[in-house]
There are 2 protein chains.
Amino acid sequence: MDDSIKETLIDIVGRQNFTDSLIDLVSYSNDASDHYHRPEAAVWPASTEHISRILIIANKHCFPVIPRGAGTGLAGAAVPVYGGLVLDMCRMNRILDIRIADRLAVVQPGVVYNDLKKALAPYDFFFPPDPASGNVCTLGGNVATNAGGIRGAKYGVTKDYVMKLEVVLPNGLVMQTGSNCMKSASGYDLTRLFVGSEGTLGIITEITLKINPKPMAFKTGLALFSSLRDAGRAVSDIMHSGIIPSVLEVLDENTIKVLQDHSSVNLPDVTAIILVETDGYTRAETSFQMEKVIEIFRKNSAADVQIADSIEEADELWRIRKSISSIVAQIRPNNVSEDVAVPISMVPNLLTGISKIVRNHGLPFVVFGHAGDGNLHPKIMYDRSDPDQVKQLREVVTEIFKLTCDLGGTLSGEHGIGLAKAPYMTLEHDQTAIDVMHDIKRLFDPNNILNPGKMGLEV
Amino acid sequence: MDDSIKETLIDIVGRQNFTDSLIDLVSYSNDASDHYHRPEAAVWPASTEHISRILIIANKHCFPVIPRGAGTGLAGAAVPVYGGLVLDMCRMNRILDIRIADRLAVVQPGVVYNDLKKALAPYDFFFPPDPASGNVCTLGGNVATNAGGIRGAKYGVTKDYVMKLEVVLPNGLVMQTGSNCMKSASGYDLTRLFVGSEGTLGIITEITLKINPKPMAFKTGLALFSSLRDAGRAVSDIMHSGIIPSVLEVLDENTIKVLQDHSSVNLPDVTAIILVETDGYTRAETSFQMEKVIEIFRKNSAADVQIADSIEEADELWRIRKSISSIVAQIRPNNVSEDVAVPISMVPNLLTGISKIVRNHGLPFVVFGHAGDGNLHPKIMYDRSDPDQVKQLREVVTEIFKLTCDLGGTLSGEHGIGLAKAPYMTLEHDQTAIDVMHDIKRLFDPNNILNPGKMGLEV
């Protein structure tokens, strides 16, 4: 990127909103994945017009443009693998409108997830998807990666709540997609084409989200199982039962061991733990749901079942689930958090299959995740400075993806494809679908300036 | 379409599954809209392979191919406006799989909506979208038009339940889109591109639908209002309240008059009726919701509120809503059922605006619809044999679309665009969005063989 281009960018965003200093570029060379590449410059655009003008320049001079939210992505989608210009969206962080009567909120892409949550709380409304990085991640990033969360089985994921988008196309044109209406059957669903497109088709500059009334009552419970099969059958029976718990988290044997060895949490020697939450309008209905769930746990010979009778007791049960990631970080200097999903009934096969794979390669690992929607997160610990461990890790990840797709699953439940899973797209999608995705990318972005190298879209 | 092509088609589907007899072609020249055009031939394909071979021929000889379900569409999407070949999907009517533990059902496009409903009932599961034509319409048609229904406000519409599709592209290639997983963030959302595409991008040959556990308790109520404003405020207050009723139907003054004059239903002179249903796991929670709703009705000075205490009483309240369409048919030989939607808070403005428009043109009409998601159905009655009434009708419809879009609404809540609304697409969508839709159509179907003339995609 030569100086004349940099000067043009400075003209657009202002000198204080442009950087090509090494320290900044280093910080923009990575997200929460283990992928790295340094961009040539970064800007902090403040408006749709800024972005439109920037993309026109980028298209003219064919340099990559990489949109970036908070950089919490785990798949490397925000890593500027071919250099180019990072668009840090953090300045476009205004909540533009909250229309409770229309059940929608209008936000800029740089709004932090928790800031919307806080803004909706006084109305007793909420935005149901709940990514673990909610206190830092941005809604633009959530939409670009179709972020999920712990309550997906009952409430769905980001894609289920995006009603309308303003998007700047690579040619600089600004487009409105979708509708402010709860229902619309009017033309192709362009909105959904951009949700989960990881910044490869256009830059999202405004987002209209559907919001829900907050549930008023919650119940939290925990079940311990000595047999993984029993735990799996319990999950499957719950999905049969007519009850959809708002949370149905599973922790595997390794996770339990790690918690025993490295945390103050006091856990017996069991093979699996299931954390469950039911919610609703009334205590009566949440209890009704929880009783059904407990009945199923008992029927599947749960070793123990604990129900929280107070918020404090619920927090105590939640502490078990929430302490995992921080503990894992202590065991080896690096870890990779995978994100595969399978049809719900395949969860036990995936759990046992993953354990078998990773054990063969001798790396420490834990597996936990959202059993209610079949989305598991194997966390594999390794030391990046040891080439053998890196090699083992790569083999483990490849085998996990193969197993997942053999079980009718998907490479990513909620983290997206990015760089990390780009090489594996053909394991999940047939060649015609891959070709169609390539064609759509070329249609929108013929010069491949938008976040190149991601999602396996390179021909 | 010359005889050699017809012979080739007969070779593919068998002589008994091909027709070009006048009587058949006349019956395929129309759907439930007031649009007519005769095709040149029709076939009853039995497999994905049949359809693939047919599309290859169609692409070679450039004749239109129009997929057709039960022909219940109200927007003319199944009318072969440029002639060509009708693909009647009725023979591909098998329910291929029901996987309760995975919360999904796999069906062929010709499966009748109610047949899936019946097949799911023994498991206490259901497919939530509920089009009024459910006892005859096909799931393929539901997907192609993104069909809605009376419970959209709480349960969403067809698009919210389509997980996976098998599609035959115009070049004859077969593609699998989506995933059997509850969650997937893996590549562009090709599934959603086909939902609501009205057969213009590909032929859907297999559908995987997400299914839900059936609610176990219901409560039905009815509120009468002397002022439309009060009724509108009540709807808006309900959406504020945290309650999402499973049904929130509004009937306007004209509908009430029509019911008074032409049915045995005994109704007082009021300006608006709201029919409400709440559902859930327990009686306690449905009653809790209904009490909140009644409180809001009273606060907004409802003239009367009736709650059904038995299924019989509930059926009686439902009879009011369900008898409208049949009664309307008695008043004038023809009627057009429109399908506009606006943001929920705009429902009163839309109701009053529509009344004003239609009155000025002196045609009888009723307005009713799904207040909970802002989707109203003005039914305008006329006599097709009277050129002046036809002219008046066209003007009325155009003005209603303009008003709707001025209120931030959409041309179609659940019927689709088809032929009826094709000329109005630019009222709702900006030129860039229209151009992108055209580009996508050309990308998939460069020879424009698939259902040409629909959705305003003609350049």
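**A few points about the overall build of chain A**
Helix and strand counts for chain A stand at 16 helices and 18 strands. Taking 2.2 N^0.38 as the reference for a compact globule, 459 residues should give roughly 23 Å; the C-alpha atoms of chain A span a radius of gyration of 23 Å, in line with that estimate. Projected onto its principal axes, the C-alpha positions of chain A cover 70 × 60 × 45 Å. Relative to its 459 residues, chain A shows a buried fraction of 66%. For chain A, the proportion of contacts with a sequence separation of at least 24, taken over those separated by at least 6, is 71%. When the 43 basic and 55 acidic side-chain charges of chain A are each reduced to a single mean position, those positions are 2 Å apart.

**Some thoughts on the sheet that holds strand 16 (residues 334-337) of chain B**
All names here are of chain B. In spatial order, the strands read 15-12-14-13-17-18-16; together these seven strands make up an open sheet with antiparallel pairing. The sheet is open, and its two borders are formed by strand 15 (304-307) and strand 16, each paired with just one other strand. Within this sheet the neighbouring strands show an average axis-to-axis angle of 15 degrees, counted without direction. Here strand 12 (residues 217-225) pairs with strand 15 via four bridges, running antiparallel. Bridged to Leu 222 within strand 15 is Gln 306. Here helix 8 (residues 228-240) sits on the sheet in contact with strand 12, strand 13 (247-252) and strand 14 (272-280), set at roughly 15 degrees to strand 14.

**Quick word on the nonpolar core**
Core analysis: the biggest nonpolar cluster contains 189 residues, and A:Phe297, A:Ile440, B:Phe297 and B:Ile440 have the highest contact counts within it. Aside from chain neighbours lying at most four places away, what touches B:Phe297 is B:Ala223, B:Phe225, B:Ala234, B:Ile238, B:Ile274, B:Val276, B:Ala302 and B:Val305.

**With respect to the pattern of salt bridges**
Residue and element names in this part refer to chain B. Under the counting rule described, the total for this entry stands at 46 salt bridges over all chains. One salt bridge in this structure joins Arg 99 and Asp 102, with 2.8 Å as the shortest N-O distance. Its relative accessible area of 23% is what places Arg 99 among the partly exposed residues.

**What to know about the sheet that holds strand 3 (residues 65-68) of chain B**
Residue and element names in this part refer to chain B. The four strands lie next to each other as 1-2-4-3, forming an open sheet whose pairing is mixed. Lying at the two open borders of the sheet, with one neighbouring strand each, are strand 1 (18-19) and strand 3. With three bridges joining them, strand 2 (residues 41-43) and strand 4 (residues 85-88) adopt parallel strand pairing. Pairing of Val 43 across the sheet is with Leu 87, part of strand 4. Packing against the sheet, helix 3 (residues 48-61) makes contact with strand 2, strand 3 and strand 4, and its axis sits at approximately 170 degrees to strand 4.

**Some remarks on the confidence of the model for chain A**
Of all residues in chain A, 100% attain a pLDDT of 70 or more, and the chain-wide mean is 95. Scored by ipTM, the complex comes to 0.96, with pTM at 0.97.

**Quick look at the side chain of A:Ser184**
Inspection of the secondary structure puts A:Ser184 in the loop between strand 9 (174-178) and helix 7 (190-194). By relative accessible area, A:Ser184 is classed as buried at 18%. There is a polar contact of 2.8 Å between the side chain of A:Ser184 and the side chain of B:Thr410. Setting aside residues no more than four positions away along its own chain, A:Ser184 makes contact with A:Ser179, B:Asn146, B:Lys159, B:Thr410, B:Ser412, B:Gly413 and B:Glu428.

**Some points on unusual backbone geometry**
Working note: non-glycine residues mostly have negative phi, and peptide bonds are mostly trans. One non-glycine residue, A:Asn146, adopts positive backbone phi at about 50 degrees. Within the secondary structure, A:Asn146 sits in the loop between helix 5 (139-145) and helix 6 (152-155). We classify A:Asn146 as buried; its relative accessible area is 5%. Non-glycine residue B:Asn448 carries a positive phi angle of around 50 degrees. Relative to the helices and strands, B:Asn448 is located in the segment after helix 16 (431-444).

**Comments concerning the domain arrangement of chain A**
The domain boundaries assigned to chain A delineate domain 1 (3-90) and domain 2 (215-319). Measuring from the centre of the C-alpha atoms in domain 1 of chain A to the corresponding centre in domain 2 of chain A gives 44 Å.

**A look at the interface of chain A and chain B**
Chain A puts 83 residues into the contact, and the matching count from chain B is 83 residues. Counting the surface chain A buries against chain B, the share from its top three residues, A:Lys183, A:Tyr188 and A:Tyr281, is 14%. The partner of B:Glu414 in a salt bridge is A:Lys183, and the shortest N-O contact between them spans 2.6 Å. The interface formed by chain A and chain B holds 32 residue pairs in polar contact (both at pLDDT 80 or more) in total. For the side of chain A that touches chain B, the elements supplying multiple residues, two or more each, are strand 9, helix 7, helix 8 (228-240), helix 10 (283-299), helix 15 (425-428) and helix 16 (431-444) of chain A.

**Considering the relation of the copies chain A and chain B**
Note on the copies: chain A fits chain B at an RMSD of 0.0 Å, the axial shift is 0.0 Å, and the rotation between them is 180 degrees. Viewed as a symmetry operation, the transformation between the two copies matches a two-fold axis. A shared binding surface is used by both copies, with 100% of the interface residues of chain A retained as interface residues in chain B.

**Comments concerning the pairing of strand 10 (residues 203-210) of chain B**
Residues and elements named next belong to chain B. Burial runs high along strand 10: six of the eight residues are buried. Pairing of strand 6 (residues 104-107) with strand 10 involves four bridges; the strand directions are antiparallel. Among the inter-strand pairings, Val 106 is bridged to a residue of strand 10, identified as Thr 208. Bridging between strand 8 (residues 162-168) and strand 10 involves six bridges; their strand directions are antiparallel. Looking at strand 10, one finds that Leu 165 is bridged to Ile 207.

**Concerning the packing of aromatic side chains**
For any pair of aromatic rings, geometry is given as the distance between the ring centres together with the angle between the planes. Residue and element names in this part refer to chain A. In the structure shown here, the tally under the stated rule is 14 aromatic pairs over all chains. Ring geometry for Phe 127 versus Tyr 161: centroids 6.0 Å apart, planes at 85 degrees, classification edge-to-face. Taken together, the positions of Phe 127 in the loop between strand 7 (125-126) and helix 5 and Tyr 161 in the loop between helix 6 and strand 8 (162-168) put the pair 34 residues apart, joining distant regions of the chain. We classify Tyr 161 as buried; its relative accessible area is 6%.

**Quick notes on the environment of B:Lys421**
One can find B:Lys421 in the loop between helix 14 (387-406) and helix 15 (425-428). Among all residues touching B:Lys421, those that are not within four sequence positions of it are B:Glu338, B:Asp339, B:Phe401, B:Leu411, B:Ser412, B:His415 and B:Gly416.

**Focus: the environment of A:Lys210**
Residues and elements named next belong to chain A. Secondary-structure assignment places Lys 210 in strand 10 (residues 203-210). With 20 residues separating them in the primary sequence, Lys 210 and Leu 190 have C-alpha atoms 17 Å apart. The residues contacting Lys 210, other than those within four sequence positions of it, are Arg 103, Leu 104, Phe 127, Tyr 161, Met 163 and Met 182.

Cut-offs used in this document
Residues numbered from 1 in each chain as written. Chains lettered and ligands numbered in written order. Predicted model: local features only at pLDDT ≥ 70, side-chain atom pairs only at ≥ 80, totals over all residues. Heavy atoms only, no water. Helix = DSSP H or I, 4+ residues; strand = E, 2+ residues; numbered from the N terminus. Rg over C-alpha atoms; globule rule 2.2 N^0.38 Å. Buried < 20%, exposed > 50% of the residue type's maximum accessible area, 1.4 Å probe, protein only. Contact = heavy atoms within 4.5 Å. Lys, Arg positive; Asp, Glu negative; His and termini not counted. Charge placed at Lys NZ, Arg CZ, Asp CG, Glu CD. Pairing = 2+ DSSP bridges. Axes fitted to C-alpha atoms, helices over the stretch in contact; angles between N-to-C directions. Core = buried A, V, L, I, M, F, W, Y, C linked by side-chain atoms within 4.5 Å. Salt bridge = Lys/Arg side-chain N within 4 Å of Asp/Glu carboxyl O. pLDDT = per-residue confidence, 0-100. Polar contact = N/O pair within 3.5 Å; in protein donor to acceptor, adjacent residues only side chain to side chain. Domains from an automatic or database assignment. Buried area = accessible area lost by both parts, 1.4 Å probe. Least-squares fit on C-alpha atoms with pLDDT ≥ 70 in both. Phe/Tyr/Trp six-rings, centres within 6.5 Å; stacked < 30°, edge-to-face > 60°.

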